[in-house]
Amino acid sequence: MNKSINVSSKVLNTLRLKNPKLILLDSCNSLSQLKIIHGYMIRTHIVFDIFSVSRLISLCSDPSLATFSLDYARKVFSQIETPNLFIYNALIKGFSSEDPIKSFHFYSELLRSNIVPDNLSFPFLVRACSQLEAIGMGIQAHGQVIKHGFENDVYVQNSLVHMYSTCGDVKAANEVFQRMACSNVVSWTSMIAGFNKIGDVEMARELFDKMPERNLVTWSTMISGYAKNNCFDKAVELFQVLKERGVKANETVMVSVISSYAHLGAIELGERAHDYIVKNNLSLNAILGTALVDMYARCGCIEKAIKVFNEMPEKDVLSWTAVIAGLAMHGYAERALWFFSEMVKSGLKPRDITFTYLLSACSHGGLVEKGLELFESMKKEYGIEPRLEHYGCVVDLLGRAGKLAEAEKFVLRMPVKPNAPVWGALLGACRIHKNAEIAERVGNILIPLLPEHSGYYVLLSNIYARTNRWENVETMRQMMKEKGVKKPPGYSLIELDGKVHKFTMGEKSHPEIEMIEQTWEEILRKIRLAGYTGNTSDAFFDIDEEEKESVLHRHSEKLAIAYGIMRTEAPTVIRIVKNLRVCEDCHHATKLISKVFRRELIVRDRNRFHHFREGSCSCMDYCDLFFQNFKDIDISSGCQWKHEASSAIHNTGMGNAKRKKGFVLPMM
C-alpha cells in the first residue's frame, strides 16, 4: 500500500512539473479557486488524467479543508469514466460524517467495479455505521473487514471498537478490544465511552484508571460520562483531578463541568469554572456560552445569566432558548416573551423546546390568552407540530387559571393520546382548586398509566382529605401498600465555601448534625411564635399525626436551611437545591423563616425556583405536578437538548416591572 502511494506521488509530481497550474491545487484555499483550476484542467484535458482528478476529488471531500464540498465532489465523480481506489476511499471518508448512507453507496460501487478495498476503506465505512448508530450495518461492515483480511489492522480495530461502543454493544466492542495486539489511547477511550453509554460508569472509571496513557479526549469522555449519567459530584471531582495533574481543559470538558455545577446548584464552583474559562482564554462559543447561561439560571443568578448571554459573540437558537428558559424558570414571563420576540426579529426560527418554555412562562404568569395564541402559532406560523409536552403546558395553563372543565375537554379532544404528565397537570390543578370530582376521574385514568408513581397517589389522597372523603384516603393507602409504591428519598443540597453539602431526611452523617438540629429547634421556636403550626397533609398518610409532625421537622430542606442560617450572615442569600417537589409544610415554614430572620432564600426544587422574601414566595403558592415528569435539559452534549422539556416555571408577580435599556431584568 505504501509503495502504491509513493508511485502515485511520483506521478503527481511529474504532472505538476508538466502542468504548473496543478501546483495551485495544493495552495487552493476556497471552493471558488478550486472551480477555476478545475475549469483549466477541463480545457487542457488534464482532467482525464486519473491522478490529477484524484487530487481534485480529495480536496472536495476533506471536511477539514476550505475547498470541502461533497456536492461538487459527487459531480466531479460522475464525470470520471474509471474511478480508482483512491477516489472511492476519498468519497467514503468524506461522506462518512456528513451523509453516512452515501459511504455505503460508494463502497458497493467499488465492489461492483471489481476493485479490492484496502485498509483505508474500512475505518471510514465503519465510522458511517457509528454515525448512524446502525449495529446491523456495522456487523455487515465487520464481516467485510474479516473477508478482506484486515481484522488485525489497528486502525480498523479502533474503528470497530468505537462503532460497537457507540451502538451500545459493549460486549462486542470488548471482544475486538481484547484481541488487539497493540491497543492505544483511541481504543481505550472508545471502551470508556461505551460503558458510559450503557450507564456503567464504575466500569468506565475502572478502565480510565488502568489506562497506560490518557489524552484530553479521554478526560473529556469520562467527565461527560459522569455528567450524562447524573453523577455530577463525580464529574466535578474528576475535573479537580484533571487540574491537579496539570492538564488544561478545553471547551468540551468545560461544557460537562459547567452542566454538573448547574445540576448541583453550586454557584461558587460555577463562578470559579467561569473564571477558569476566562483565564485560560477558552473560546466562549455558542455551546459553552449556552452552558454558562443555563448554569447561572439554574443556580438562581438570572442576572448573571443575562450578562453572559449579552457577552456571547455568537448566539444560536439554543442560546436564545436557554435564556428564555432561565427567565421562565424564575417566573419572568413578560421578559421571556420579550426575548422570544427579539430572537424572531434576529431571523432565527424557534424550536419546539422554545415553545415549551414560552407556554410554561405564560402558565406561571397567568397569561392564558397569550399562551393559547403561542400554541396556535406553532403550526400556523412556524410549521412545528405540537408534541405531548406542549399539550400538557396548555392543560397546565388552563388548570392554573381555574378553568378545569375547559382543561378536561382540551385533554379529551387532543389529536394524540394524552400521557401521564398531561393528566398529571390536570390533577395538580384539581388539588389547588379542590375539585374532587374531576380529580377522581383523572385519577382513575392516571394511576393505571403509572402505577409506580407515588406522587399521584399522594396527590389524589390529599384531594380526598381536603374534601373529607376519608374512605377514599384509606383506599389510596391500601393501593400503595399492595403495589409496593414508595416515595423516593428526598435530599437537599447547599453550597458553602465551595463545598456542596447533602442532607437526607433522617440521616445523621453530617459532622455538624447535632448543631444543625439544635439550630433548627431554635428556628422552629421562633417561627411558631409567628404562626407556624405544621401542615402534615403532604406527609406519609399511613402514620399518625404525631409521627407526621416529627417527620416533617426532619425534612432535608429544613436541615439545609438550618445549616445555611448557622453558617452564614445576612444579607447572604441562602440557596437550596432539592431533588423533589417542595412540600406545603416546608414551603410555609420557609416563607416564615424569610420573614422572621429577614433572610432571602432561593430554593430550586424539581419543578421550579422559589424566591422567598419577607414572608412571601414568588410561586404564589401554586405547586406543579405536570412539569416534574419531564427531564432536565441536557447541555452537556454539545447543547443537543435530548429531553424536550424540563423544570416548571413559576410566577413571581411581575406587576409593573421597571424596564431599563438593553437585556436587563425587572427590578427585584
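Refer to the structure presented above.
The structure contained in this document is the topic of the report that follows. (Residues numbered from 1 in each chain as written. Predicted model: local features only at pLDDT ≥ 70, side-chain atom pairs only at ≥ 80, totals over all residues. Heavy atoms only, no water.)

1. Comments concerning the overall build of the chain
Counting secondary structure elements, the chain contains 33 helices and six strands. Evaluated residue by residue, the chain yields a buried proportion of 53% over its 668 residues. Pairs at least 24 residues apart make up 66% of the contacts formed inside the chain by residues separated by at least 6 positions. Here the chain displays about 30300 Å² of accessible surface, and carbon together with sulfur accounts for 51% of that area. (Helix = DSSP H or I, 4+ residues; strand = E, 2+ residues; numbered from the N terminus. Buried < 20%, exposed > 50% of the residue type's maximum accessible area, 1.4 Å probe, protein only. Contact = heavy atoms within 4.5 Å. Areas by Shrake-Rupley, 256 points an atom, 1.4 Å probe, with all protein chains shown as cover.)

2. Structural notes on the packing of aromatic side chains
Counting across every chain of the model gives 19 aromatic pairs. Here F208 and W219 contribute two aromatic rings whose centre-to-centre distance is 5.1 Å and whose plane-to-plane angle is 80°, an arrangement assigned as edge-to-face. With a gap of eleven residues between them, F208 in helix α13 (residues 201-210) and W219 in helix α14 (residues 216-228) connect regions that are remote in the sequence. Taking the relative accessible area as the measure of exposure, F208 reaches 2% and is therefore buried. Under the relative-accessibility criterion, W219 is labelled buried at 4%. By way of ring pairs, the aromatic residues F77, Y88, F95 and F106 are connected into one cluster. Over the ring of F208 we find R214; its NZ or CZ atom is 4.4 Å from the centre of that ring. Its guanidinium or amino end placed over the ring of Y491, K502 lies 4.4 Å from that ring's centre, counting from NZ or CZ. (Phe/Tyr/Trp six-rings, centres within 6.5 Å; stacked < 30°, edge-to-face > 60°. Lys NZ or Arg CZ within 6 Å of the ring centre and 35° of its normal.)

3. Comments concerning the environment of G392
Among the structural elements, G392 can be located in helix α24 (residues 388-400). Residues G392 and W423 lie 31 residues apart in sequence; the distance between their C-alpha atoms is 7.8 Å.

4. Section: helix α10 (residues 154-166)
For α10, which comprises 13 residues, the first-to-last C-alpha distance of 18 Å matches the rise-based estimate of 18 Å (1.5 Å per residue) to within 8%. Across the 13 residues that make up α10, a large majority, ten, are buried. For α10, the set of buried residues is V156, Q157, N158, S159, L160, V161, M163, Y164, S165 and T166. At its buried positions, α10 is contacted by α8 (122-132), α9 (135-147), α11 (170-179) and α12 (185-197). For α10, the N-terminal cap is D153; the gap from its side-chain oxygen to the backbone nitrogen of Y155 is 3.0 Å. Looking one or two places after α10, you find G168, whose phi comes out positive at around 85°. (Expected span 1.5 Å × (residues − 1). Polar contact = N/O pair within 3.5 Å; in protein donor to acceptor, adjacent residues only side chain to side chain.)

5. Side note on the pairing of strand β5 (residues 609-613)
Of all five residues in β5, four are buried, a share of seventy percent or more. Where strand β4 (residues 601-604) and β5 come together, four bridges link them in antiparallel fashion. Pairing of V603 across the sheet is with H610, part of β5. What sits between the antiparallel neighbours β4 and β5 is a turn of four residues. Two elements, β5 and strand β6 (residues 616-617), share two bridges in a ladder whose sense is antiparallel. Counted as the bridge partner of F612 is C617 from β6. In textbook terms, the turn of a hairpin is the stretch between consecutive antiparallel strands, and for β5 and β6 this stretch comprises two residues, one of which, E614, has a positive phi near 50°. (Pairing = 2+ DSSP bridges.)

6. Looking at helix α21 (residues 333-345)
When the terminal C-alpha atoms of α21 are compared, their 19 Å separation across 13 residues agrees well with the 18 Å that a helix rising 1.5 Å per residue should span. Regarding α21, the residues found buried are A333, R335, A336, L337, F339, F340 and M343. G347 sits one or two positions beyond α21 and adopts a positive phi of about 95°.

7. Remarks on unusual backbone geometry
The amide bond that connects A570 to the next residue, P571, takes the cis arrangement and shows omega of 10°. In this structure, E133 is a non-glycine residue whose phi angle is positive, near 50°. Relative to the elements of secondary structure, E133 occurs in the loop between α8 and α9. Despite not being glycine, D497 has its phi angle at roughly 55°, a positive value.

8. Section: the nonpolar core
Counting 168 residues, the largest nonpolar core has F239, M254, Y261, M295 and L427 as its most contacted members. If one sorts the elements of this core by residue count, helix α20 (residues 317-329) sits on top with nine residues. Grouped together as the second largest cluster of nonpolar side chains are 25 residues, I527, L559, I576 and L601 included. (Core = buried A, V, L, I, M, F, W, Y, C linked by side-chain atoms within 4.5 Å.)

9. Considering the state of the cysteines
On inspection of all chains with the given rule, the structure shows zero disulfides. C28 takes part in no disulfide bond, and the closest cysteine sulfur to it belongs to C60, at a distance of 8.7 Å. Owing to a relative accessible area of 12%, C28 belongs among the buried residues under this scheme. (Disulfide = S-S within 2.5 Å.)

10. Considerations on the sheet that holds β5
Overall, mixed pairing links the six strands, which are arranged β2-β1-β3-β4-β5-β6 in an open sheet. Looking at the sheet topology across the chains shown, the edges are occupied by β2 (499-504) and β6. Relative to strand β3 (residues 574-578), strand β1 (residues 491-496) runs antiparallel, the two being bridged by two bridges. Directly across from S492, in β3, lies its bridge partner K578. Each of β1, β2 and β3 is contacted by helix α17 (residues 267-279), which is oriented at about 50° to β1, the strand it contacts most. (Axes fitted to C-alpha atoms, helices over the stretch in contact; angles between N-to-C directions.)

11. Details of the environment of Y296
Structurally, Y296 is set in helix α18 (residues 286-298). With a relative accessible area of 4%, Y296 lands in the buried category. A C-alpha to C-alpha distance of 9.3 Å links Y296 and Y261, two positions 35 residues apart in sequence. Those residues in contact with Y296 that sit more than four places away from it in its chain are I267, E271, H274, C301, I302, K304, A305 and V308.

12. Observations regarding the pairing of β4
Sheet faces and side chains relate simply in a regular strand, where the side chains alternate between the two faces. The alternating pattern of β4 places L601 and V603 on one face and I602 and R604 on the opposite face, and all of these are buried. The β-α-β motif built from β3, the intervening helix α33 (residues 584-596) and the parallel element β4 has right-handed crossover chirality. (Right-handed = clockwise from strand over helix to strand, strands pointing away.)

All we've got here are geometric facts, nothing functional implied.
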